Amino acid sequence: MGFARTCSVALVGVEGVVVEVQADLEPGLAAFTLVGLPDKSLVESRDRVRAAVVNSGCEWPQKKLTVGLSPASVPKGGSGFDLAVACAVLGAAERVDPREIADLMMIGELGLDGRVRPVRGVLPAVLAASEAGYRQVVVPEQTAAEAALVPGVSVLGVRSLRQLIAVLTDEPVPEEEETQELGRPDPMLAGLTVPGAGMGTGVAAAPGTGAGRPDMAEVAGQRAARTALEVAAAGGHHLFLSGPPGAGKTMLAERLPGLLPPLTQQEALEVTAVHSVAGVLPPGQPLVESPPYCAPHHSATMAALVGGGNGLPRPGAVSLAHRGVLFLDEAPEFSGKALDALRQPLESGHVVVARSGGMMRMPARFLLMLAANPCPCGRYGLVGDVCECSPTTVRRYQARLSGPLLDRVDLRVHVEAVSRAELTGARARAEDSASVAARVREARERAAARLQDTPWRLNSEVPGHELRTRWQPFPGALREAERDMERGLLTARGLDRVLRVAWTVADLAGHDRPAAPDIAQALQLRTGVSRGVPVAAGEC
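Residues numbered from 1 in each chain as written. Predicted model: local features only at pLDDT ≥ 70, side-chain atom pairs only at ≥ 80, totals over all residues. Heavy atoms only, no water.

Concerning helix α2 (residues 45-55)
Taken together, the buried positions of α2 are S45, R48, V49, A52 and V53. Taken end-on, α2 shows its buried residues confined to a sector of 125 degrees, consistent with a single buried face. Buried-residue contacts for α2 involve β3 (31-35), α1 (40-43), α3 (82-92), β6 (109-110) and α7 (161-168). Just downstream of α2 lies G57, where phi reads positive at about 90 degrees. (Buried < 20%, exposed > 50% of the residue type's maximum accessible area, 1.4 Å probe, protein only. Helix = DSSP H or I, 4+ residues; strand = E, 2+ residues; numbered from the N terminus. Arc of directions from axis to C-beta. Contact = heavy atoms within 4.5 Å.)

So, the nonpolar core
Core analysis: the largest hydrophobic core is formed by 50 residues, its most contacted members being L229, L239, L241, L256, M369 and I519. Considering every element that reaches this core, the biggest residue donor is helix α22 (residues 492-509), with 8 residues. Those residues in contact with I519 that lie beyond four places of it in its chain are A477, L478, A481, V498, L499, A502 and P514. With 39 residues, the next largest nonpolar core counts A4, V53, L83 and L110 among its residues. (Core = buried A, V, L, I, M, F, W, Y, C linked by side-chain atoms within 4.5 Å.)

Regarding the pairing of β3
Side chains of β3 alternate between two faces, with F32 and L34 buried and A31, T33 and V35 left unburied. Here β3 pairs with strand β4 (residues 64-70) via 5 bridges, running parallel. The partner of T33 across the bridge, within β4, is T66. (Pairing = 2+ DSSP bridges.)

Some words on the packing of helix α19 (residues 433-450) against α22
Closest axis-to-axis distance for the α19/α22 pair is 8 Å, and the angle between their directions is 115 degrees. Between α19 and α22 the crossing geometry is right-handed. The residues of α22 that touch α19, namely those facing R439, A443, R446, A447 and R450, are W503, D507 and L508. Along the lines of polarity and charge, the residues of the contact of α19 with α22 split into 4 nonpolar, no polar and 4 charged. (Axes fitted to C-alpha atoms, helices over the stretch in contact; angles between N-to-C directions. Left-handed = near helix turned anticlockwise from the far one by under 90°. Nonpolar A, V, L, I, M, F, W, Y, C, P; charged D, E, K, R; others polar.)

Some thoughts on the state of the cysteines
Taken as a whole and judged by the stated rule, the model has 0 disulfides. The cysteine C389 is free of any disulfide, with C377 supplying the nearest cysteine sulfur at 3.7 Å. The exposure class of C389 is buried, given its relative accessible area of 18%. (Disulfide = S-S within 2.5 Å.)

Looking at the pattern of salt bridges
Scanning the entire structure with this criterion turns up 27 salt bridges. Put simply, R50 and D47 hold a salt bridge, and the shortest N to O gap is 3.3 Å. With R50 and D47 both in helix α2 and 3 residues apart, this pair spans about one turn of that helix. A residue is classified by how much of its surface remains accessible, and R50, at 30% relative accessible area, is partly exposed. With a relative accessible area of 51%, D47 lands in the exposed category. Note that R323 and E267 form a salt bridge whose closest N and O atoms lie 3.9 Å from each other. Here R323, found in the loop between α13 (317-320) and β13 (325-328), pairs with E267, found in helix α11 (residues 265-278); they are 56 residues apart in sequence, far enough to count as distant. Looking at R323, the relative accessible area reads 23%, which means it is partly exposed. (Salt bridge = Lys/Arg side-chain N within 4 Å of Asp/Glu carboxyl O.)

Thoughts on the environment of Y380
Along the chain, Y380 turns up in the loop between β16 (367-372) and α16 (391-398). The partly exposed category is assigned to Y380, whose relative accessible area is 44%. Apart from residues lying up to four places away in sequence, Y380 is in contact with P374, C375, C387, V394 and Q398.

Digging into a nonpolar patch on the surface
Taken together, the side chains of L156, V167 and V173 define a hydrophobic patch exposed on the protein surface, amounting to about 200 Å² of accessible area. Looking at the secondary structure, you find V167 in helix α7. (Patch = residues over 30% accessible without salt bridge, like charges linked within 9 Å, V, L, I, M, F, W, Y side chains within 5 Å. Areas by Shrake-Rupley, 256 points an atom, 1.4 Å probe, with all protein chains shown as cover.)

Thoughts on the confidence of the model for the protein
Here the protein averages 87 in pLDDT, and 89% of its residues register 70 or above. Between residues 196-201, whose pLDDT stays under 50, and residues either more than four places distant or in other chains, the model counts 9 contacts. (pLDDT = per-residue confidence, 0-100.)

Re the pairing of strand β11 (residues 239-242)
Burial along β11 is two-sided: L239 and L241 facing one way and F240 and S242 facing the other are all buried. The pairing of β11 with β16 spans 4 bridges and is classified as parallel. Bridge assignment links L241 to a residue of β16, and that residue is A371. Note that β11 and strand β17 (residues 411-414) share 4 bridges and pair parallel. When the sheet's bridge partners are listed, F240 is paired in β17 with R412.

Things to note about the packing of helix α9 (residues 223-235) against α22
Orientation of α9 relative to α22, taken along the N-to-C sense of each, is 100 degrees, at an axis distance of 9 Å. The angle between α9 and α22 places the two elements in the roughly perpendicular class. Residue-level contacts link E230, V231, A234 and G235 of α9 to V501, T504, V505 and L508 of α22. (Parallel < 35°, antiparallel > 145°, perpendicular 65-115°, else oblique.)

A word on unusual backbone geometry
Between S70 and the following residue, P71, the backbone shows a cis peptide bond with an omega angle of 10 degrees. Structurally, P71 can be placed in the loop between β4 and α3.

Notes on the side chain of R48
Along the chain, the position of R48 falls in helix α2. Looking at R48, its side chain comes within polar contact range of the side chain of D82, at 2.7 Å. When near neighbours in sequence (up to four residues on either side) are disregarded, R48 contacts S41, S79, D82, L110, G111 and L112. (Polar contact = N/O pair within 3.5 Å; in protein donor to acceptor, adjacent residues only side chain to side chain.)

Written as structure tokens, this is what we have:
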């Protein structure tokens, strides 16, 4: 009887579970049995592994073969177990030393010719292996750079099963021919992306970087909206822009990621892990270093926004926008259920999705930006233009954004139509994204220094109780906000959010703590009602 074991990883959402792959050979009728809750794609690995082993020059054992995936209670799927199954079988057949593969973590799909093909989710799988104490990982050559992002793990990238067998048996490593033809895409990378996934979710790798990068200098006028974007970027506050069509709401949203600072190493790993699992990680870019930007179409379902799918759920738009910007253009056109499903991730920074295949927790700490027209035709309230919508239609349209959802949005700004004078004469005087981003970075540094010994990093993350007791504004600064609360214009959550915005305004202005003008500007940004303070941040 021959026995060998090695390890692989089963992905549950964006988290990995270490799976021990065991192979047992016994005398009897030749058969191949795979146990341990495999799905259809994993059951098919029996034929792939058998053909890959034979075409790699090894003899397939003509005995009763049982391959077990432990723990057996965890559902397993995908083709990433092929490499581990093949090596476990070869170890049981004594083609390789079972001791050489016992402490190896293997991830990869096998072609019938023995080539090792890349699979999605390599980074979260290697992160799970590292947390479990594994220090040697074998992955397809195309994903070796992604796996190498995890510190403290030795990564071996292989192109074929022949090469891995040679490495394990100290034989000369054979050279494999290149599969990519000059001028044509590499067919081996097809498994890394889901067809249409980027288009369907509206996710962009980095809309604020590279050639042709959107810049704030291109935005004419819109002083109040520019200030709101700066405050939102500095404190991580959610933003709602309303105004007529063509005023520049989408243009402003596309420039918001350019105001955010680059991701830290830990944040980059979190974002890359989500994008790798979802199949939207650009080939050749193993690490996402800039904040993502996700703008799904208003026809997106609730499952597309928060995550879902058959069996185990997959990441949705809120997870793809983790540590970045989620922009919902034409927000009232989204379904009410889909919008209200955003309440939980807006508060907690993660989303818990339950499906028939299990329950999954996915990260979802994003900056939400909503944009809406004042009415279906977009001309309500414009001077010199006639709105064709009835008052009932206007009220019904505006009521599609529920009160509990808007209560979680810190900044609400009405965007006016751009005048001819602003469009033709203000462009030369408009401030560019680099200058605004520099102020945002300085404000975040002030907040980080203040929150150094706490679990929070941004003003938007600090609980209201801490703001009212630990970091108090100047005496009497909250008087106007307290009056609004007594009149029913502010909820208790609204008062906490005004305090958070006030701290961000103070950080942008270089104040030690919020004064009355900072509170007034925070109230003005939240309610849209003028409080007699300057529009631009930092002028208080």
